[in-house]
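# Structural overview
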Amino acid sequence: MENNKFESQFEAKLANNDVIEPKDWMPENYRKHLIRQISQHAHSEIVGMLPEGNWITRAPSLRSKVVLLAKVQDEGGHGLYLYTAAETLGVSRDELLDNLLTGKAKYSSIFNYPTLTWADMGAVGWLVDGAAIMNQVMLQRTSYGPYSRAMIRICKEESFHQRQGYEIMTRMAFGTPEQKAMAQDALNRWWFPSMMMFGPPDAESPNSENALKWRIKRETNDQLRQKFVNQTVPQAEYLGLTMPDPNIKWNEDKKGYDYSDPDWTEFKNVISGNGPCNKERLAARNKAHNDGAWVREAANAFAKKRKEVYEAA
Amino acid sequence: MKDNQGPLWEIFLQKKAGQPYVHCGSLHAYDKEMAIQNARDLYTRRQEATAIWAVPANAIVASSPEDIGPFFEPANDKVYRHPTFYQIPDAIGPM
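## Remarks on the overall build of chain B
Within chain B one finds 2 helices and 3 strands. In sequence order, chain B lays out its α and β elements as β-β-α-β-α. For 95 residues, the compact-globule estimate of 2.2 N^0.38 gives 12 Å, and chain B exceeds it by more than 25% at 21 Å. Overall, the C-alpha framework of chain B stretches about 65 × 35 × 15 Å when taken along its three principal axes. Across the 95 residues in chain B, those meeting the buried criterion constitute 25%.

If you want it as structure tokens, here you go:
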């Protein structure tokens, strides 16, 4: 009875476009859905540091090196904003990290692909960050307050990520024939994995219905994917590159491009742990976590000891 | 609940002197020095602040959402606390 009253108040808030805050009553499934989504998002930011970290020591100029460092640092920061947003729902940071390190939690499938050449730094910024931003712009208006605030902050910082990626692409596409071939190769390899970032097609997306009902998401996977294609095709044309999908064609009726779906079998394989780099990524995260254990222990012991001294005085 | 990340701190930033401190988010740190340093690295990468407050999250006292109605009710019916409640002759102009 009591729960029904709270539930109808909760639904009235959503209907009114009000925001849900941590201390407000919320259905258990809403809480669980958010913990899963926000922590996966956080893990993606953290694991997302690895493919680009791969190129920091080999960036072709000092300018590109400082830019890449700043971008990877932003991603670490974005992971931290998101972890604290998830923690407001009653999970601990250690629990969240354990889930990542043991492979129990998922993160975006895109980060299980290797970054083979410098042109990949361009394609990742242009396509991967482009797709992420499309999703994140929508999430600024998500119904959960701490998640929405994290997204607003992240979007503000993220727009440089996509622009720096496209800048690399323009330099390579208008460079020597070899550079242009590298740019084309990067587009070929990153296009379909980027299209997968929006998740499975609406008809087969198990979490979409609740996410939309609860206004956690406001657009469907396929709607966002279509927007991404519409945005990207003209940008590829400008670069003089060929989209690696022969079915991309302007469709006047829907005022958007027709396109082919990515290979959903590959998508399922990669998210269930069998992508080209899954093992490497998890091993790198575990190594960093274990190598840093002594720092956490020392800092914790130092803080405790100083507190004792302070309290004794 | 095992937690090796240190206590949670709420971070407030002041963009420049004269402006109010505004809450921007939270972070984990083992002590106050680390809280301030982490806050600088995490929340001021683009000159968002010239001053930082870090407050242990468990030191914050908050109103509870169930009480919103009765708790804030007393302010609800006192229109005379607003300037528009009063009639001033047109001849006087803006006041």
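The rest of the description comes next.
## Section: the pattern of salt bridges
Taken as a whole, this structure holds 25 salt bridges over all chains when the rule is applied. Between A:Asp74 and B:Arg45 there is a salt bridge; the shortest N-O distance is 2.8 Å. Highlighted residues: A:Asp74 in helix 4 (residues 62-87) and B:Arg45 in the loop between helix 1 (32-43) and strand 3 (51-56), drawn from two different chains. The exposure class assigned to A:Asp74 is buried, which follows from its relative accessible area of 2%.

## Quick look at the packing of aromatic side chains
One pass over the structure, following the stated rule, counts 18 aromatic pairs over all chains. Considering the side-chain rings of A:Phe10 and A:Trp25, the 6.2 Å spacing of their centres and the 80° angle between planes classify their relative orientation as edge-to-face. A residue pair is termed long-range when its members are at least 10 positions apart, and A:Phe10 in helix 1 (residues 2-15) and A:Trp25 in the loop between helix 1 and helix 2 (28-47) qualify at 15 residues. Classification of A:Phe10 by relative accessible area gives buried; the value is 3%. Ring centres of B:Tyr21 and B:Trp53 lie 3.8 Å apart, and the angle between their planes is 10°; on these two criteria the pair is classed as stacked.

## Section: the pairing of strand 1 (residues 8-14) of chain B
All names here are of chain B. Buried residues dominate strand 1, accounting for 6 of its 7 residues. Bridge count for strand 1 against strand 2 (residues 22-28) is 6 bridges, and the pairing is antiparallel. The partner of Leu8 across the bridge, within strand 2, is His28. For strand 1 and strand 3, the ladder comprises 6 bridges, and the chain directions are antiparallel. If you follow Trp9 over to strand 3, its bridge partner there is Pro56.

## Some details on helix 10 (residues 221-239) of chain A
All names here are of chain A. The terminal C-alpha atoms of helix 10, which comprises 19 residues, lie 27 Å apart, in line with the 27 Å expected from a rise of 1.5 Å per residue. Along helix 10, the positions that sit buried rather than exposed are Asn221, Leu224, Arg225, Gln226, Phe228, Val229, Thr232, Val233, Ala236 and Leu239. In this structure, the buried side of helix 10 is in contact with helix 6 (118-139), helix 7 (145-173), helix 8 (177-196), helix 9 (208-213), strand 2 (256-258) and helix 11 (264-274). Gly240, located one to two residues past helix 10, shows a positive phi value of around 75°.

## Some points on the packing of helix 4 of chain A against helix 5 (residues 93-101) of chain A
All names here are of chain A. Closest axis-to-axis distance for the helix 4/helix 5 pair is 9 Å, and the angle between their directions is 120°. As far as their axial angle goes, helix 5 and helix 4 are oblique. Here helix 4 runs over helix 5; the crossing is right-handed. Two secondary-structure elements touch here, helix 4 through Leu80, Tyr83, Thr84, Ala86 and Glu87 and helix 5 through Arg93, Leu96, Leu97 and Leu100. Of the residues belonging to the contact of helix 4 with helix 5, the class tally is 6 nonpolar, 1 polar and 2 charged.

## Observations regarding the environment of A:Lys255
Residues and elements named next belong to chain A. Mapped onto the elements of the fold, Lys255 is located in the loop between strand 1 (249-251) and strand 2. Classification of Lys255 by relative accessible area gives exposed; the value is 51%. With 25 residues separating them in the primary sequence, Lys255 and Asn230 have C-alpha atoms 9.0 Å apart. The contacts of Lys255, once residues within four sequence positions are left out, are Asn230 and Trp250.

## Focus: the interface of chain A and chain B
Residue-level contacts link 25 residues of chain A with 25 residues of chain B. For the chain A and chain B pair, buried surface summed over both sides reaches about 2,100 Å², with 48% attributable to carbon and sulfur atoms. Where chain A meets chain B, there are 6 salt bridges. For A:Arg306, the salt bridge goes to B:Asp31, with nearest N and O atoms at 3.5 Å. Residue assignment for the side of chain A that touches chain B shows that the elements contributing at least two residues are helix 4, helix 5, helix 7 and helix 13 (293-312) of chain A. The element that contributes the greatest number of residues to the side of chain A that touches chain B is helix 4 of chain A, accounting for 8 residues.

Thresholds, definitions, all that
- Residues numbered from 1 in each chain as written.
- Chains lettered and ligands numbered in written order.
- Predicted model: local features only at pLDDT ≥ 70, side-chain atom pairs only at ≥ 80, totals over all residues.
- Heavy atoms only, no water.
- Helix = DSSP H or I, 4+ residues; strand = E, 2+ residues; numbered from the N terminus.
- Rg over C-alpha atoms; globule rule 2.2 N^0.38 Å.
- Buried < 20%, exposed > 50% of the residue type's maximum accessible area, 1.4 Å probe, protein only.
- Salt bridge = Lys/Arg side-chain N within 4 Å of Asp/Glu carboxyl O.
- Phe/Tyr/Trp six-rings, centres within 6.5 Å; stacked < 30°, edge-to-face > 60°.
- Pairing = 2+ DSSP bridges.
- Expected span 1.5 Å × (residues − 1).
- Contact = heavy atoms within 4.5 Å.
- Axes fitted to C-alpha atoms, helices over the stretch in contact; angles between N-to-C directions.
- Parallel < 35°, antiparallel > 145°, perpendicular 65-115°, else oblique.
- Left-handed = near helix turned anticlockwise from the far one by under 90°.
- Nonpolar A, V, L, I, M, F, W, Y, C, P; charged D, E, K, R; others polar.
- Buried area = accessible area lost by both parts, 1.4 Å probe.

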